[in-house]
Amino acid sequence: MTDTVLKLGKYEFKSRLFVGTGKYQTLDLMKEALEASGAEVITVAVRRANIGCKPGESLLDYIDKDKYTILPNTAGCYSADEAVRTAFLAREMGISDLIKLEVLGDKNTLLPDPVGTLEATETLVKEGFTVLVYTSDDPIIAKRLEDAGATSVMPAGAPIGSGQGILNPNNIRIILETLSVPIIVDAGVGTASDVTAAMELGCVGVLLNTGIAGAKDPVQMAKAMKLACESGRLAYLSGRIPKKLYANASSPLKDF
Amino acid sequence: MQITVNGENKEFSTGTSLSELLKSFDFDERYVAVELNRKIVPRVQFSEKLLVENDTLEIVTFVGGG
């Protein structure tokens, strides 16, 4: 069975794993992990440039722009206005109109503010951005974000950086049944099986950062995540057997 | 003249262009986006944009993130 490409608005990707660039000990290690992950889309954050000292090497020096599509995020924004402002600055970097929209509601949980997220989605869609929006796994707000014009809705499997995996697969399942835009699990992934679980549910992709960057061997974990993503996708496309309460022998029971 | 750059007050000579200011901090123009008094300045205008007393600049760049 051959898989189709993943379409997000006008963009097309073969890889379904999206990886972040944060928390790496060195930029060289990040570069190697990005390569091992096979990801085509990588996320970056927008921050004030440091004017206190001479700028060191730029993150962008380590990212081959012919190879990767850069997905800037609005991480760290706690209001729709702030997120919209950040999105405009990101677009001004001249790389693309893609934006991973995050409007956070609280510093401890890093859970999204649903009202601010919806407001910012409406504004950015009107302004011509391709909006990939981070949200909770609540199916109602997910649907509202789709209605607002988001290109992809990206529910968290678990809180950002928590590594808890897909805490409520039933909600993800309802989101997948209710929405028609591509669903990408964003955040909470701790290990390879979490990625597989998301893909087996029918998500079109998984976005993660800490699960790779925080692993003892990030490069090896990146490879594990890549295989897990492909594996889960293949299993989803293959159609798993239904779960049954009783046994069903694999070997013939008669004619010994 | 006083210019606020990323929240810090800095002194520049009158007639300094945005391009010159960025250069003074060793910023690579390709790697930054700039707001002048909360309005984005397109990169193509960096060299012609002359700064005036009390301008406020916000200079951002991409950093690692998820």
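These numbers were taken from a predicted model, which means no experiment stands behind them.

Turning our attention to the overall build of chain B. Broken down by element type, chain B carries one helix and five strands. Listing each helix as α and each strand as β along chain B from the N terminus yields β-β-α-β-β-β. In summary, chain B has a C-alpha radius of gyration of 12 Å against a globular reference of 11 Å for 66 residues, a match within 12%. Expressed as a percentage of the 66 residues in chain B, the buried residues total 47%. A sequence separation of at least 24 residues applies to 51% of the contacts in chain B between residues at least 6 apart. Per element, the accessible surface of chain B, about 3400 Å² overall, is 48% carbon and sulfur.

Tallying each qualifying case throughout the model produces five aromatic pairs over all chains. An angle of 70° between the planes, with centres 6.3 Å apart, marks the rings of F13 of chain A and F18 of chain A as edge-to-face. Of the residues examined, F13 of chain A reaches a relative accessible area of 4% and is grouped as buried. With a centroid separation of 6.2 Å and 70° between ring planes, the pair formed by F12 of chain B and F25 of chain B is classed as edge-to-face.

Close inspection of predicted coordinates is inappropriate in any region flagged by low pLDDT. Chain-level pLDDT for chain B is 95 on average; 100% of the residues reach the 70-or-more range. The ipTM, which scores confidence in the relative placement of chains, is 0.94 for this predicted complex, and the corresponding pTM is 0.93.

For the rest of this paragraph, the subject is the nonpolar core. It is characteristic of soluble globular proteins that their nonpolar side chains tend to be buried jointly. Counting 69 residues, the largest nonpolar core has V153, V195 and I212 of chain A together with F62 of chain B as the members making the most contacts within it. Ignoring sequence-local partners within four residues, the contact set of V153 of chain A consists of V133, T135, A142, L145, E146, L179, V181, P182, I183 and I184 of chain A. If you look at the next biggest cluster of nonpolar residues, it comprises 19 residues, including M1, L22, V34 and L51 of chain B.

Residue and element names in this part refer to chain A. Going through the model one piece at a time under the given rule, you end up with zero disulfides over all chains. Its sulfur unpaired, C203 is 10 Å from the next cysteine sulfur, which belongs to C229. Looking at C203, the relative accessible area reads 0%, which means it is buried. Note on C229: relative accessible area 5%, which makes it buried.

If you look at the interface, chain B gives 29 residues, while chain A gives 32 residues. Summed over both partners, the interface of chain B with chain A comes to about 2700 Å²; 62% of that surface belongs to carbon and sulfur atoms. Area buried by chain B at its contact with chain A is led by Y31, F62 and G66 of chain B, which between them contribute 30% of it. Viewed at the interface, chain A and chain B are joined by two salt bridges. Two residues, R85 of chain A and E35 of chain B, come together in a salt bridge whose shortest N-O distance is 2.4 Å. Counting across the chain B and chain A interface gives 14 residue pairs in polar contact (both at pLDDT 80 or more). No other element matches the seven residues that strand β5 (residues 55-64) of chain B contributes to the side of chain B that touches chain A. For the side of chain B that touches chain A, a count of residues per class yields 14 nonpolar, seven polar and eight charged.

Between two packed helices, what matters for the description is the angle formed by their axes and the separation of those axes. All names here are of chain A. Two numbers describe how helix α1 (residues 27-37) lies on helix α8 (residues 218-238): the axes approach to 7 Å, and their chain directions differ by 20°. In terms of orientation, α1 lies roughly parallel with respect to α8. For the element pair α1 and α8, the recorded crossing hand is right-handed. Residues L29, E32, A33, A36 and S37 of α1 pack against P218, V219, A222, K223 and K226 of α8.

Moving on to the sheet that holds strand β6 (residues 98-101) of chain A. Residue and element names in this part refer to chain A. The three strands are arranged β6-β7-β8 in an open sheet whose pairing can be described as parallel. Sheet topology places β6 and β8 (152-155) at the edges, where each strand pairs with a single neighbour. For this sheet the average axis-to-axis angle between neighbouring strands, irrespective of direction, equals 20°. With four bridges connecting them, strand β7 (residues 130-135) and β8 associate as parallel partners. In the strand pairing of β8, Y134 is matched with M154.

Mapped onto the elements of the fold, N6 of chain B is located in the loop between β1 (2-5) and β2 (8-11). A residue is classified by how much of its surface remains accessible, and N6 of chain B, at 6% relative accessible area, is buried. One polar contact links the side chain of N6 of chain B to the main-chain carbonyl oxygen of A49 of chain A, over a distance of 2.8 Å. One polar contact links the side chain of N6 of chain B to the main-chain amide nitrogen of I59 of chain B, over a distance of 2.7 Å.

The rules behind these values
Residues numbered from 1 in each chain as written. Chains lettered and ligands numbered in written order. Predicted model: local features only at pLDDT ≥ 70, side-chain atom pairs only at ≥ 80, totals over all residues. Heavy atoms only, no water. Helix = DSSP H or I, 4+ residues; strand = E, 2+ residues; numbered from the N terminus. Rg over C-alpha atoms; globule rule 2.2 N^0.38 Å. Buried < 20%, exposed > 50% of the residue type's maximum accessible area, 1.4 Å probe, protein only. Contact = heavy atoms within 4.5 Å. Areas by Shrake-Rupley, 256 points an atom, 1.4 Å probe, with all protein chains shown as cover. Phe/Tyr/Trp six-rings, centres within 6.5 Å; stacked < 30°, edge-to-face > 60°. pLDDT = per-residue confidence, 0-100. Core = buried A, V, L, I, M, F, W, Y, C linked by side-chain atoms within 4.5 Å. Disulfide = S-S within 2.5 Å. Buried area = accessible area lost by both parts, 1.4 Å probe. Salt bridge = Lys/Arg side-chain N within 4 Å of Asp/Glu carboxyl O. Polar contact = N/O pair within 3.5 Å; in protein donor to acceptor, adjacent residues only side chain to side chain. Nonpolar A, V, L, I, M, F, W, Y, C, P; charged D, E, K, R; others polar. Axes fitted to C-alpha atoms, helices over the stretch in contact; angles between N-to-C directions. Parallel < 35°, antiparallel > 145°, perpendicular 65-115°, else oblique. Left-handed = near helix turned anticlockwise from the far one by under 90°. Pairing = 2+ DSSP bridges.

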